[in-house]
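Listed here are the chains, written in short residue letters.
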Amino acid sequence: MIHIRTPSSFTIATAFALALWPSSAHAQDLCIETGATIGTGLTPGSFAAGDLDADGDNEVVFADASAFYVAFNNGNGTFAAPVVYSSFLAPMAVVDLNGDGARDVVGLGTGATIAVALNQGNGTLAAPSSYPTGNAATWLVTGDLDGDGDLDIATTNSQTLTQSVLLNQGPGTFAAPTVYATAVGPLPSFGASIDLALGDLEGDGDLDLVGVVADRDTGLGHYGSHSYRTIRRNLGNGTFGAVEQSVFGGVPWTLALDDFDGDGDPDLAITDQYFNKTWVYPNPGNGAFSSAMSYSTPNGSEFNEYPVYVDARDLDGDGDRDLMVKGTAGVRVLTNNGSGAFAVSSVVQIGSPYGNFLLADVLGDSRPEVCTRSSSSGGGLTVVKSCQTSGSFRYCFGDGFGAAACPCQNPSGELERGCANLLYLEGAQLSATGTSSVSADTLVLKSTEMSGAQSWYFQATGQDAIPFGRGILCVSGALLRVGQKSVVGGSSINPSGGDLPLSVKGAIPPSGGTRYYQVSYRQAN
């Protein structure tokens, strides 16, 4: 244990934890736990989540081919049997459309329509009202497009390569659509405009339209060359200017618009079914999206699994926006390093290989769960939760409970070290050098004698009373991951390579305090 005290300082203490899997197992970077199954016997095609009955828990709304359903949250990680609504509505959003404080459900209707089911104030929904979109829609988003304080709707219409804007006339009724071309020629004869997003691209206070056109003309010799990423800028009143389009080159499918690099403006991520990659475009402040970074699997090969759906959330609790990508082979997480660059996880099969997924906190644990179509023969919607890496809880892989002091019956290492591993029988060690001053932080953590390729650094506000290994206490309390570092020669260092100081990563207040640090790593197979 290390204590360093200086004026305006934070005191540090170190611990070590070892993550072990049996040597025959394949270590996954994405940690998941099975949650609830909703709507057994049904085949959900689209889904959304939101608090319909105002009790603080999010309900799950989903549809199959003939009806839509509401599964009310019991507040304990389980759901009541779904309430059936016989009208068709493919839910896309749970939002307050009429300004009464209760959340309504909006989604795709039959034909070229959207359907709006208004909340009666207690979680029950009125029969859906239909509004024409001008063309058959495949996706919709909501946002205040004309600046009048209520939510409007924009749709993308795949086969006609158009976008429709329906302005809210209040309360919760919508005007006839204004239809815009998603892109201008040359257009693919076999193309699709699958997704769109809203975001204030240039910081003028208005929401702009961002879309994609996918060129699938495989037999015409220009596969992908007529694919585009597109922008229509809001003129300030809910109408949109001329389309700005850039040739994409691959086959874009879905997109996520969020601030990945922390500079206050939305950046763009797009899945690409042709090159089997996910592309991330930083926003230079004006929405030009002129350059891109692409992401493949950790060993440098391409996904080879047709990445289809993408969404952005803070998946590891460190305050920045990560990406989840679902393809035909499963799900990957792209973990943000805080500056808009991403590390790609191994692939994990979650639910059916077909269909979209939803990221939402439906279990009340302040973490986004994955909701997707179940892969079981019984059907339904599977809720999968990620392993917790932040918040208030005790964190320690293989924490010594039971008869074994170290995980997987590994022998203990030397005193005040972690468990023995395949390369170092004395166990790994975490040490610190530098000054732990908030005003002049030069603190560096170094972990040595580890096996495996990656290490994860955690900061916490306390230690657990249960010893880990020989005298090492697990960190506990409010915990935050403050770095993922490659292990080279059995060692890793944090911070390194231009990282922010630990006091900044750990959001330590100017008055200082005591923080505990722990490193975990995976045993080499």
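Going by the structure above, here's the rest.
Note that the structure is predicted; figures quoted are calculated from it, not measured. (Residues numbered from 1 in each chain as written. Predicted model: local features only at pLDDT ≥ 70, side-chain atom pairs only at ≥ 80, totals over all residues. Heavy atoms only, no water.)

Enquirer: Which residues make up the side chain of Asp320, and what values do they have?
Expert: Along the chain, Asp320 falls in the loop between strand 24 (307–313) and strand 25 (322–327). Residue class for Asp320 comes out buried when judged on its relative accessible area of 12%. In terms of polar contacts, Asp320 uses its side chain to reach the backbone amide nitrogen of Gly338, at 3.2 Å. (Helix = DSSP H or I, 4+ residues; strand = E, 2+ residues; numbered from the N terminus. Buried < 20%, exposed > 50% of the residue type's maximum accessible area, 1.4 Å probe, protein only. Polar contact = N/O pair within 3.5 Å; in protein donor to acceptor, adjacent residues only side chain to side chain.)

Enquirer: Describe the packing of aromatic side chains, and please don't skip the residues or the numbers.
Expert: A complete count under the given rule lists seven aromatic pairs for this structure. Between the aromatic rings of Phe62 and Tyr69, the centroid separation amounts to 5.2 Å while the plane-to-plane angle is 15 degrees, which identifies the pairing as stacked. Considering the side-chain rings of Tyr274 and Phe275, the 4.9 Å spacing of their centres and the 85 degrees angle between planes classify their relative orientation as edge-to-face. In this structure Tyr274 comes out as partly exposed when scored by relative accessible area, which is 38%. According to the relative accessible area criterion, Phe275 is partly exposed, its value standing at 34%. The structure contains a cluster of three or more aromatic residues connected by ring pairs, namely Phe260, Tyr295 and Phe342. (Phe/Tyr/Trp six-rings, centres within 6.5 Å; stacked < 30°, edge-to-face > 60°.)

Enquirer: Quick one: what's the story with the sheet that holds strand 7 (residues 90–95), residue by residue and with numbers?
Expert: Read from one edge to the other, the open sheet built from four strands follows the order 7-8-9-10, with strand pairing classed as antiparallel. Whereas interior strands pair on both sides, the edge strands pair on one side only; in this sheet they are strand 7 and strand 10 (129–132). The average undirected angle you get between the axes of adjacent strands in this sheet is 25 degrees. When strand 9 (residues 113–117) meets strand 10, the two strands line up antiparallel, connected through four bridges. Following the sheet pairing, Ile114 is matched in strand 10 by Tyr131. (Pairing = 2+ DSSP bridges. Axes fitted to C-alpha atoms, helices over the stretch in contact; angles between N-to-C directions.)

Enquirer: For the sheet that holds strand 5 (residues 68–71), give the residues involved together with the corresponding values.
Expert: Read from one edge to the other, the open sheet built from four strands follows the order 3-4-5-6, with strand pairing classed as antiparallel. A strand with exactly one partner marks an edge of an open sheet, and here the two such strands are strand 3 (46–50) and strand 6 (83–85). Shown here is a sheet whose adjacent strand axes are inclined to one another by a mean of 20 degrees, direction ignored. Pairing geometry for strand 4 (residues 59–63) and strand 5, over four bridges, is antiparallel. Of the residues in strand 5, the one forming a bridge with Val61 is Val70.

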